Amino acid sequence: MSEAMLKARFEGALGAFALNAEFEFPQNGVTGIFGPSGCGKTTLLRCFAGLEHLRNGAFSIDGQTWQDARRFRPAHRREVGYVFQHANLFQHLTVRDNLRFAIKRARAENTGRFDELTSLLGLGDLLERMPGRLSGGERQRVGIARALLSAPRLLLMDEPMSALDLQARQDIFPYLENLRNTLSIPVLYVTHAPEEVARFTDHLVVMREGKVIGAGPTPDTLARLDLPLAHERRAGIAVDARIADIDLKWHLALAKFDGGALWISDAGKAVGERVRLMIQARDVSIALIENPKVSIVNRIPATIRQISRSEDPSVQVVTLEMGSTVIMARVTARSSYLLDLKPGMTVFAQIKSVAMVD
Ligand SMILES: Nc1ncnc2c1ncn2[C@@H]1O[C@H](COP(=O)(O)OP(=O)(O)OP(=O)(O)O)[C@@H](O)[C@H]1O
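Residues numbered from 1 in each chain as written. Predicted model: local features only at pLDDT ≥ 70, side-chain atom pairs only at ≥ 80, totals over all residues.

## Brief notes about the domain arrangement of the protein chain
Size of an interface, as often reported, equals the accessible area lost when the parts are brought together.
Thinking step 1. Each assigned domain of the protein chain is listed here: domain 1 (5-231) and domain 2 (236-356).
Thinking step 2. One C-alpha centre belongs to domain 1, the other to domain 2; they are set 32 Å apart.
Thinking step 3. Secondary-structure elements contributing two or more residues to the side of domain 1 that touches domain 2 are α6 (194-200) and α7 (218-222).
Thinking step 4. At four residues, α6 tops the list of elements feeding residues into the side of domain 1 that touches domain 2.
Thinking step 5. Split by residue class, the side of domain 1 that touches domain 2 holds seven nonpolar, one polar and two charged. (Domains from an automatic or database assignment. Helix = DSSP H or I, 4+ residues; strand = E, 2+ residues; numbered from the N terminus. Nonpolar A, V, L, I, M, F, W, Y, C, P; charged D, E, K, R; others polar.)

## Quick notes on unusual backbone geometry
Thinking step 1. One non-glycine residue with positive phi stands out, namely alanine 151, at about 55°.
Thinking step 2. Relative to the helices and strands, alanine 151 resides in the loop between α4 (136-149) and β7 (154-158).
Thinking step 3. The phi dihedral of aspartate 340 is positive, around 55°, even though this residue is not glycine.
Thinking step 4. Residue position: aspartate 340 is located in the loop between α8 (333-338) and β19 (346-351).

## Description of the sheet that holds strand β15 (residues 284-287)
Thinking step 1. The strand order β15-β19-β16-β17-β18 describes an open sheet built from five strands, whose pairing is antiparallel. Edge positions in the open sheet fall to β15 and β18 (325-332), since each of these has one partner strand only. For this sheet the average axis-to-axis angle between neighbouring strands, irrespective of direction, equals 45°.
Thinking step 2. By the bridge criterion, eight bridges tie strand β17 (residues 315-322) to β18 in an arrangement that is antiparallel. The residue bridging glutamine 316 from the neighbouring strand is valine 331, located in β18. (Pairing = 2+ DSSP bridges. Axes fitted to C-alpha atoms, helices over the stretch in contact; angles between N-to-C directions.)

## Observations regarding the site of the ligand
Thinking step 1. For the ligand, the full set of nearby residues is Leu14, Gly15, Phe17, Gly35, Ser37, Gly38, Cys39, Gly40, Lys41, Thr42, Thr43 and His192.
Thinking step 2. Of all the elements, helix α1 (residues 41-49) adds the most residues to the shell around the ligand, at three residues.
Thinking step 3. Of the residues belonging to the shell around the ligand, the class tally is three nonpolar, eight polar and one charged. (Near = placed C-beta within 6 Å.)

## Focus: the pairing of strand β2 (residues 17-26)
Thinking step 1. Summarising the sheet, strand β1 (residues 5-14) and β2 pair through ten bridges and their orientation is antiparallel. Opposite leucine 14, over in β2, you have phenylalanine 17 as the bridge partner.

## Description of the sheet that holds strand β14 (residues 274-280)
Thinking step 1. Strand order in the open sheet formed by five strands is β13-β12-β11-β14-β20, with antiparallel pairing between adjacent strands. Unpaired on one side and paired on the other, β13 (260-265) and β20 (355-356) mark the two borders of the sheet.
Thinking step 2. The sheet contact formed by strand β11 (residues 236-247) and strand β12 (residues 252-257) spans five bridges and is antiparallel. Across the sheet, residue arginine 242 finds its bridge partner in β12, namely lysine 256.

## Concerning the packing of α4 against helix α5 (residues 166-182)
Thinking step 1. Put simply, α4 and α5 touch, their axes get as near as 9 Å, and they point 30° apart. With respect to α5, the element α4 is oriented roughly parallel. Judged by the twist between their axes, the crossing of α4 over α5 is right-handed. Across the interface between the two elements, Gly136, Gly137, Gln140 and Arg141 of α4 pack against Ala168, Asp171, Ile172 and Tyr175 of α5.
Thinking step 2. Broken down by class, the residue content of the contact of α4 with α5 amounts to three nonpolar, three polar and two charged. (Parallel < 35°, antiparallel > 145°, perpendicular 65-115°, else oblique. Left-handed = near helix turned anticlockwise from the far one by under 90°. Contact = placed C-beta atoms within 7 Å.)

## Focus on the environment of leucine 262
Thinking step 1. Among the structural elements, leucine 262 can be located in strand β13.
Thinking step 2. Separated by 19 residues in the primary sequence, leucine 262 and isoleucine 243 have C-alpha atoms spaced 9.5 Å apart.
Thinking step 3. In this view, leucine 262 contacts Ala255, Leu277, Asn298, Ile351 and Val354; residues no more than four positions away in its chain are not counted.

Structure follows, in structure tokens:
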């Protein structure tokens with residue numbers, strides 16, 4: 001990820017709702033906008049798109065000022081790609097013609113990207129289809145390609161997966177991950193699904209009641225116990241690793257990350273290949289000693305960083321440092337008391353399950 005950061009500020013009232021959002025996000029990479037329903041995520045995207053005009057706002061991109069104290073560039077003059085929950089494709093046009101239409105409206109000659117984007121999003125076999133004959137996931141992929149073919153400077157995605165069923169979401173993820181590794185424009189991705197945050201975003205902005213309550217690189221922000229995400233039942237952290245060894249006999253692969261290594265199911269990745277792993281807090285338990293007499297293969301030395309009560313009084317969330325990597329564990333408050341867990345203690349993280357997500 002590039003270090004270049006963009007700055008945004010949007011403050012003001014829309015009827016009874018007050019937005020107070022100021023944050024930075026990377027010029028390259030996917031920034032998640034996370035928060036409960038009604039906290040202002042869509043309103044924030046609309047401010048970027050120029051569809052809302054709050055008096056007190058500032059945003060510039062690629063040397064163009066879209067808003068400041070004096071200027072406000074109208075929506076039709078902002079090169080923004082917008083992906084919604086439902087892709088509203090032209091029903092009377094084939095997929096190919098829907099995409100051609102977007103190219104015509106592009107700021108730059110963009111035909112060269114047609115083949116690249118249709119292949120990245122797996123649309124090759126769908127080009128002659130009418131939208132009515134696409135599945136929900138296919139329609140969303142077309143919607144994403146259409147947004148990108150307009151050659152935007154900024155891509156806004158407003159819960160693009162929320163209308164899809166679980167299977168369609170699983171199916172579309174690899175395409176999104178492909179895109180993330182290829183795109184060179186900033187993406188703002190609204191979601192309230194913690195696993196989408198962990199899997200897909202590099203940077204994260206957390207909102208509550210119109211305010212930004214935390215922002216930063218995703219792994220750091222997910223592990224902040226003062227923010228609500230770490231306390232979700234499905235809380236988890238993505239860890240970037242590399243395959244270091246394969247155990248053919250037991251069909252396992254060793255994935256090394258900064259601070260340790262994990263045995264995962266051998267999914268055919270070669271030694272040296274990069275993988276992204278997802279470790280959910282509820283799959284991690286804590287032991288004071290290394291215990292070889294358990295079925296859990298992954299037992300990694302770690303230092304307790306922080307311990308926090310959860311909304312559920314029987315549960316505590318513990319952050320564990322392994323080198324520069326931080327993961328979380330959900331343990332019962334009783335175990336935490338009986339083991340006398342304290343920040344700074346060296347323990348063993350017992351990781352029951354690791355999913356390879358990329
Ligand atoms: N133009 C407007 N005038 C008055 N109130 C508005 C306007 N636009 C949005 N709101 C209000 O602002 C609040 C935030 O809405 P917004 O759609 O941004 O939330 P959200 O976080 O995207 O929610 P969800 O996750 O349910 O989509 C809501 O209470 C909404 O009614």
